[in-house]
Structure formats: structure tokens, C-alpha cells
Amino acid sequence: MGIRIYEEPRLTKPVMIVGWPGIGNIGLVAVDTLREITDAREFGEIESPDFFSPKHAVIRSGLLESLEFPANRFYYSRLRKNDVIFFIGEEQPRKNSASSYAEGKEAYRLANLVVDVAERFGCSRIFTSGAAVSYIHHTMRSRVWTAPNMKSLVREAAQYPNALLMSHIENMAGQGFISGLNGLLLGVARKRKREGICLMGEIPIYFQGLPIPYPRASRSVLEVFSLILGIEIDFSRFDDLYRDVETQIEDMYHQIPADVKKQLDRLKESTPADAELEPMTEENRRRLWKEISEFLREGEAGDEGA
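These numbers come from a predicted model, not from an experiment. (Residues numbered from 1 in each chain as written. Predicted model: local features only at pLDDT ≥ 70, side-chain atom pairs only at ≥ 80, totals over all residues. Heavy atoms only, no water.)

Chemist: With reference to specific residues and values, describe the pattern of salt bridges.
Modeler: As enumerated under the stated definition, the model contains 18 salt bridges in all. Put simply, E36 and R35 hold a salt bridge, and the shortest N to O gap is 3.8 Å. The partly exposed category is assigned to E36, whose relative accessible area is 45%. Judged by its relative accessible area of 18%, R35 is buried. The closest approach of N and O atoms between R194 and E119, which form a salt bridge, is 4.0 Å. One end of the pair, R194, is in the loop between α4 (181–191) and β11 (195–204); the other, E119, is in helix α2 (residues 104–120), with 75 residues separating them in the sequence. Taken together, the shared-partner salt bridges connect D116, E119, R192 and R194 into one network. (Salt bridge = Lys/Arg side-chain N within 4 Å of Asp/Glu carboxyl O. Buried < 20%, exposed > 50% of the residue type's maximum accessible area, 1.4 Å probe, protein only. Helix = DSSP H or I, 4+ residues; strand = E, 2+ residues; numbered from the N terminus.)

Chemist: Explain the packing of helix α1 (residues 26–37) against helix α5 (residues 215–229) residue by residue, including any values.
Modeler: Following both chains from N to C, one finds α1 and α5 inclined at 45°, their axes separated by 9 Å at the closest point. Classified by the angle their axes make, α1 and α5 are oblique. For α1 against α5, the interelement crossing comes out right-handed. Along its contact with α1, which presents I26, V29, A30, T33 and L34, the element α5 presents A217, S218, V221, L222, F225 and L229. Class assignment of the residues belonging to the contact of α1 with α5 gives a composition of nine nonpolar, two polar and no charged. (Axes fitted to C-alpha atoms, helices over the stretch in contact; angles between N-to-C directions. Parallel < 35°, antiparallel > 145°, perpendicular 65-115°, else oblique. Left-handed = near helix turned anticlockwise from the far one by under 90°. Contact = heavy atoms within 4.5 Å. Nonpolar A, V, L, I, M, F, W, Y, C, P; charged D, E, K, R; others polar.)

Chemist: Kindly report on the nonpolar core, identifying the contributing residues and their values.
Modeler: Among the nonpolar cores identified, the biggest contains 54 residues, and I17, L34, Y160, L199 and L229 are the most heavily contacted of them. The element that contributes the greatest number of residues to this core is α5, accounting for seven residues. Once residues within four sequence positions are removed from consideration, L229 is found in contact with V15, I17, L34, L79, K81 and V84. Of all hydrophobic cores here, the second largest spans 26 residues; its members include W20, F87, F121 and L185. (Core = buried A, V, L, I, M, F, W, Y, C linked by side-chain atoms within 4.5 Å.)

Chemist: Please set out the sheet that holds strand β6 (residues 72–77) residue by residue, giving values where relevant.
Modeler: What the nine strands build is an open sheet, ordered β1-β3-β6-β7-β2-β8-β11-β9-β10; its pairing is mixed. Because the sheet does not close on itself, it has two edges, and the strands there are β1 (3–5) and β10 (163–165). Across the sheet, the mean angle separating the axes of adjacent strands is 25° when strand polarity is ignored. Here five bridges tie strand β2 (residues 15–19) to strand β7 (residues 84–89), and the two strands are oriented parallel to one another. Along β7, the bridge assignment pairs V15 with V84. Lying on the sheet, α4 is in contact with β2, β8 (125–134), β9 (144–148) and β11; it crosses β8 at an angle near 145°. Packed onto the sheet, α5 meets β2, β7, β8, β9 and β11 and runs at close to 150° relative to β11. (Pairing = 2+ DSSP bridges.)

Chemist: Before we move on, can you summarise the confidence of the model for the protein with the specific residues and values?
Modeler: With 78% of its residues at a pLDDT of at least 70, the protein reaches an overall mean of 83. The secondary-structure element of the protein with the lowest mean pLDDT is helix α9 (residues 282–292), recorded at 62, while β2 shows the highest, at 97. Within the model, the stretch residues 271–279 combines pLDDT values under 50 with twelve contacts to residues more than four positions away or in other chains. (pLDDT = per-residue confidence, 0-100.)

Given below as C-alpha cells:
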């Protein structure tokens, strides 16, 4: 068990981009979209039985033929600026079923195997992508929080379009954390002296438990990857693909009681037009979330988030 490589591609200055399921599937949607538009070719996998339980049994002609496990596949694509290796996993390993994010020996092993492949093919840098749960309104453009694993990357990560360093977020006091494999992988990469940056698209705190993607944040992450890789992305196609999801999000929002929506609409501005409402400071945002949390259930917390 371990890594299986079907092909040994010769790559020029490759970088690795990693995607897993998580809150709003923000990173997974962004990375899988990149894989598709760059016509990436599968060349290997990490065998899953050591890390995951079977998803289901495959039955053909009335006979149980095999057990199917979550896939963990590697792809490569040759681009002008950098060749790219994509790693896309269908699930994050958990220490136990009650855990809400990847942890334990299995997660650490999996992260090391991914970095093994990055080293084997000479990847100069690893990018991960996930969600940043934030006090924003769902009609606002999602920003991209960045978290590099080395000091030498801080300036670059702060200059991406529509992005800001996670440590510079209001009241973060220069600190923060990334749960799940997105953070763990960058920690492993740092330990092995390999550069890494996590790109996290903002999702409203009141929608973090939605059982659907949050494409607005994935789109913002894609815009940053477009610059990094020096490629053009047809966002009209992306928008068309997720138009129904945006409609679902609006429909869900309209089901929220009017008094709660009035409070949530305050997230659009730091200074509300209604003179009876207090300015939306960070303290007030936290208090607002506490007030509405009884109505807006978080659901599953997901596998990652800042």
C-alpha cells in the first residue's frame, strides 16, 4: 500500500496544487476546475484502504465484485509558466467518526505521501486551498486569505489580487490556525524545507453548514491561481455552471425570518444606514452571530477552515 505511479512525466519547474472536500467545497471546486481547464492527465494515486473505509460495494450481474474506496489521485498538466501536478482527494482521513476534521496518524501519513510525490517530481512549491469562515454577507465578493509556510513568501502572498494575509485579519493579533489537511500539509512541507501557501476563500459564517458548494469563494481562489499560473480562465463558463447553486443560496437566504435577515444585512457595511443600529465592529459581529446561531444551525463543520 502507498503511492502508485503509472507514468513518469518529465516536468519543467512544476508546482503542486492540492484539493480536498471541506466547508463549501471551496478549495475542491477551485482545484478540480483548474484540473479540467488545463486538461490534466492522471498519472498516479495514493491507495486508500489504509486511510479510509469503503464508500460502497460494487455489484455487477448480481454479484458483489469489489469494494470502492475514496479516490486520491495525481494529475499533471504542462503550462507555459509552470508545469503543474494536481492532487485531488475525495475525503480527508479522520481519527474517529466523531471528529469534524482530519487528524491523527493517518492524516499525517497521507500528508507525507503527498509531499513525497512533490519531492519526487521536483515541485518548487505546494499550494493548498480551502475555506475562511468570515463575518461577510453572501452578496459581497469573497476575499482570499493567504497563509504562507515560510517568511520569504509573506510579501508575495500579501500582494495577490483581492487577497490579504490571514495574520492581518482584524483582531487576529498576527495569529491564526488552519484545521484539516490544508494546514497539516503545509506544516509537513515546511518541516521538509518545501515552500507552501494556503489560499482560503471567504464564506459567510451563517452559510458554513450548507450542504452545497459556495462558488463565489471558489471563483476568488481561481482568480488568484490564474495569476500564479499565468493562464486565462473562462469565468463565464464557471458562472453558468454554478448559477443554479447561487439561486439555491438566495432561496435559502429568503427563508430566514425578516428580523434575522435585517441583522445579517448589517454585515454589508461597517456603518449601517439605520441610525438605531450600532456600527458593525468586530465585537458586534461576534455578538450578532451568537444571537442568530440558534436559528442558523451550522450543520457539519467540514474538514477545514481558518
